[in-house]
Amino acid sequence: MSIKHNLFYGSLFLHQKLAKHFKGELVFVPSGYLKNNIVTQPMAYDAVSSNMYQDYKHQMDYVRYRTIELIAEEIGRQCIPGDIAEAGVDYGDCSWIINRAYPDRTFYLYDTFSGFDKRDVEVEQNRRYTSAEFFESANYFKRSNFKSSDEQMEYVRKRLAHPEKAVFRKGYFPQTAAEETEKTFAFVSLDMDLYQPIVNGIEFFYPRLSRGGYIMIHDYNHREFQGIKQAVAESETKFGPIPKFPLPDQGGSIVLTKI
Ligand SMILES: C[S@@+](CC[C@H](N)C(=O)[O-])C[C@H]1O[C@@H](n2cnc3c(N)ncnc32)[C@H](O)[C@@H]1O
């Protein structure tokens, strides 16, 4: 082998070693990136260069959160009009990421802040979409650490970087969206786990979604929540085929769009 070859392979080896060593550890935050509504860096080997690594490493769903941010960049770049919404907020693990990605847009947050509604659970169990055992094993009805729904809501508000943009709608969705019937939306996250609120969510938001906007639905490919696929399928019989793309995030989300 020539000296040239040796040098080439030597430098390749060194690069690989360095990449391995720094994997996920290089954190670079360009100054002013939030002000310009660019929430991420251009992607080149993102696991190495992500400026959000410190945020993600505790959260365990890199694909979901990063997709939310990249969608925000796309919506910003293409000037897609509309507000932002999240139906199914819980403790706000996703809300603060959405709110940070859209510092200039009104953000509606819908949740009972006290768990599932009995009516939705009844439909779920009658149709056998989710087993009673799953609800029990996941401790779904007893997991709040808060004394009241207001306390939980205030906890979420405090997590937001731009709380002045947030409009909290506490109570049963879709009744709580009554004041938004004239609004349009650029991005919506639907994460209410059960068939009934998801079918209601698509029915409410899809007609109000801007062209080029996105609805991200959690749990579409979740093994336990079989009602989500049914909700999407039924919505398509109503609205016609909806362009959509599945994600390999932890809940197996699907992203709907409108062209
Ligand atoms: C899985 S949690 C949401 C998790 C959150 N998106 C996150 O990423 O951390 C589901 C939430 O949906 C809410 N929810 C379910 N059905 C609802 C309904 N019909 N109206 C309002 N909130 C509902 C529950 O209260 C619960 O907080």
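In what follows, the structure referred to is the one given above.
These remarks concern the structure in this document. Small disclaimer: the values here were computed from a predicted structure and weren't measured.

## Some thoughts on the site of the ligand
Turning to step 1, where the next piece is worked out: Around the ligand, the structure places 20 residues, and the nearest of them are Gly 88, Asp 111, Asp 120, Phe 173 and Asp 191.
Turning to step 2, where the next piece is worked out: In the model, an oxygen atom of the ligand is placed 3.2 Å from a nitrogen or oxygen of the Thr 112 side chain.
Turning to step 3, where the next piece is worked out: Taken by itself the ligand offers 600 Å² of open surface, and the protein chains cover 94% of this.
Turning to step 4, where the next piece is worked out: For the shell around the ligand, the class distribution of residues is seven nonpolar, four polar and nine charged.

## Digging into the sheet that holds strand β1 (residues 83-87)
Turning to step 1, where the next piece is worked out: If you walk across this open sheet you meet the seven strands as β3-β2-β1-β4-β5-β7-β6, and the pairing is mixed. The sheet terminates laterally at β3 (166-170) and β6 (244-246), the two strands that pair on one side only. Strand-to-strand twist of the sheet, defined as the mean angle between neighbouring strand axes without regard to direction, takes the value 15°.
Turning to step 2, where the next piece is worked out: Both strand β4 (residues 185-190) and strand β5 (residues 209-217) contribute to a ladder of five bridges, which runs parallel. Looking across to β5, one finds that Ser 189 is bridged to Met 216.

## What about unusual backbone geometry?
Turning to step 1, where the next piece is worked out: With an omega of 15°, the peptide bond running from Phe 173 to Pro 174 counts as cis.
Turning to step 2, where the next piece is worked out: Structurally, Pro 174 can be placed in the loop between β3 and β4.
Turning to step 3, where the next piece is worked out: For Phe 113, which is not a glycine, the phi torsion comes out positive at approximately 55°.
Turning to step 4, where the next piece is worked out: Structurally, Phe 113 is set in the loop between β2 (107-111) and α6 (118-126).
Turning to step 5, where the next piece is worked out: The phi torsion at Asp 219 lies on the positive side, around 70°, for a residue other than glycine.
Turning to step 6, where the next piece is worked out: Examined against the element boundaries, Asp 219 turns out to sit in the loop between β5 and α10 (227-239).

## Remarks on the packing of aromatic side chains
Turning to step 1, where the next piece is worked out: Applying the stated rule across the entire model yields 15 aromatic pairs.
Turning to step 2, where the next piece is worked out: With a centroid separation of 6.4 Å and an interplanar angle of 20°, the aromatic rings of Tyr 108 and Tyr 110 are classed as stacked.
Turning to step 3, where the next piece is worked out: A relative accessible area of 5% places Tyr 108 in the buried class.
Turning to step 4, where the next piece is worked out: A relative accessible area of 1% places Tyr 110 in the buried class.

Definitions and cut-offs
- Residues numbered from 1 in each chain as written.
- Predicted model: local features only at pLDDT ≥ 70, side-chain atom pairs only at ≥ 80, totals over all residues.
- Heavy atoms only, no water.
- Near = heavy atom within 4 Å.
- Polar contact = N/O pair within 3.5 Å; in protein donor to acceptor, adjacent residues only side chain to side chain.
- Areas by Shrake-Rupley, 256 points an atom, 1.4 Å probe, with all protein chains shown as cover.
- Nonpolar A, V, L, I, M, F, W, Y, C, P; charged D, E, K, R; others polar.
- Pairing = 2+ DSSP bridges.
- Helix = DSSP H or I, 4+ residues; strand = E, 2+ residues; numbered from the N terminus.
- Axes fitted to C-alpha atoms, helices over the stretch in contact; angles between N-to-C directions.
- Phe/Tyr/Trp six-rings, centres within 6.5 Å; stacked < 30°, edge-to-face > 60°.
- Buried < 20%, exposed > 50% of the residue type's maximum accessible area, 1.4 Å probe, protein only.

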